[in-house]
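Each chain, written out:
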Amino acid sequence: MRNILIFFFTSTILAVVILKFIPVYVTPLMLIRAVEQVIDGEAPEINHRWVPLEQINHNLPQAVMASEDNLFLKHSGFDLEQIQKAQIEAQEGKRQRGASTISQQTARNVFLWQHRSWLRKGLEAYFTFLIEGIWGKERIMEVYLNSIEMGPGIYGADAVARINFGTTPDKLTKAQSAYIAVSLPNPLHRDSGHPSAKMKKMQKTILKRMKQIDQFPKDACAK
């Protein structure tokens, strides 16, 4: 058991350190979705190209923070208030909602699987702690925007910009970024390139919230 624990901590910490410096070209979710496509009789499709954070318009980080995690720049990986609210709602029998921060989502996307379990929750907390301490906020956001699922077979800012909006990630507008943010909770059913009436209404809310979010990072593209 001792050797197993040593191997686990050594290998996981080493993996986090390495991925601080090299792009994340593939994630477990990308592979899982590809297998699901094959099972459904479809050709596997992974649209993904890594781009540095400085080549992603600052509108997109602002939009995802406004939608997913408005305290991203302030917390240390966990939004305890939202976690508590989610627990209370679950106890009251209300519809379960996510309380994961961008850091937690990044840890899950890069290192783990999507199916909920206590094991995954524990590992997610562990990897979130590691990336907050080793990567820092800019790297977490960079990996998040490059790895998050943004549509069927679409992963990351470059792919969604090209496929859904016919542009490049450095030219994403506030409106486009807000639509992308609206789609993130359910990207397989919310098409940011062809938004529904409900998505359009939600986009207006995100645009208002974006005004309260600081530009991040400060030296990002401001087009």
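Everything quoted here is computed from the prediction, not taken from an experiment.

(A) Seen up close, a positive patch on the surface. Taken together, the side chains of Lys-174, Lys-204, Lys-208 and Lys-211 make up a positively charged region of the molecular surface. In this fold, Lys-208 is placed in helix H10 (residues 197–210). Classification of Lys-208 by relative accessible area gives exposed; the value is 59%.

(B) Quick peek at a nonpolar patch on the surface. A cluster of nonpolar side chains, contributed by Met-1, Ile-4, Leu-5, Phe-9, Ile-13, Leu-14, Val-17, Ile-18, Phe-21 and Ile-22, occupies part of the molecular surface with about 970 Å² of accessible area. When you line up the elements, Ile-13 lands in helix H1 (residues 2–18). Taking the relative accessible area as the measure of exposure, Ile-13 reaches 35% and is therefore partly exposed.

(C) Region of interest: the packing of aromatic side chains. As enumerated under the stated definition, the model contains seven aromatic pairs in all. Summarising the aromatic geometry, the rings of Phe-9 and Tyr-126 are spaced 5.7 Å apart at their centres and angled 70 degrees between planes, so their arrangement reads as edge-to-face. With Phe-9 in helix H1 and Tyr-126 in helix H6 (residues 118–134), the pair connects residues that are 117 residues apart, well separated along the chain. Its relative accessible area of 39% is what places Phe-9 among the partly exposed residues. Tyr-126 sits in the buried class, given a relative accessible area of 17%.

(D) How the structure looks around the environment of Pro-23. Mapped onto the elements, Pro-23 comes out in the loop between H1 and helix H2 (28–39). In this structure Pro-23 comes out as partly exposed when scored by relative accessible area, which is 23%. Placed 26 residues apart in sequence, Pro-23 and Arg-49 show a C-alpha to C-alpha distance of 9.7 Å. Apart from residues lying up to four places away in sequence, Pro-23 is in contact with Trp-50 and Arg-139.

(E) Expanded view of helix H7 (residues 137–147). With 10 of 11 residues buried, H7 lies mostly within the body of the structure. Turning to H7, its buried residues number three or more, namely Lys-137, Arg-139, Ile-140, Met-141, Glu-142, Val-143, Tyr-144, Leu-145, Asn-146 and Ser-147.

(F) Here's a closer look at the environment of Asp-158. Secondary-structure assignment places Asp-158 in helix H8 (residues 157–165). For Asp-158, the residues in contact, after removing those within four places along its chain, are Arg-49, Val-51 and Pro-169. A distance of 2.8 Å separates the side chain of Asp-158 from the side chain of Arg-162, its partner in a polar contact.

About the cut-offs
- Residues numbered from 1 in each chain as written.
- Predicted model: local features only at pLDDT ≥ 70, side-chain atom pairs only at ≥ 80, totals over all residues.
- Heavy atoms only, no water.
- Patch = residues over 30% accessible without salt bridge, like charges linked within 9 Å, V, L, I, M, F, W, Y side chains within 5 Å.
- Areas by Shrake-Rupley, 256 points an atom, 1.4 Å probe, with all protein chains shown as cover.
- Salt bridge = Lys/Arg side-chain N within 4 Å of Asp/Glu carboxyl O.
- Lys, Arg positive; Asp, Glu negative; His and termini not counted.
- Charge placed at Lys NZ, Arg CZ, Asp CG, Glu CD.
- Helix = DSSP H or I, 4+ residues; strand = E, 2+ residues; numbered from the N terminus.
- Buried < 20%, exposed > 50% of the residue type's maximum accessible area, 1.4 Å probe, protein only.
- Phe/Tyr/Trp six-rings, centres within 6.5 Å; stacked < 30°, edge-to-face > 60°.
- Contact = heavy atoms within 4.5 Å.
- Polar contact = N/O pair within 3.5 Å; in protein donor to acceptor, adjacent residues only side chain to side chain.

Geometric descriptors of this kind do not, in isolation, establish any biological role.
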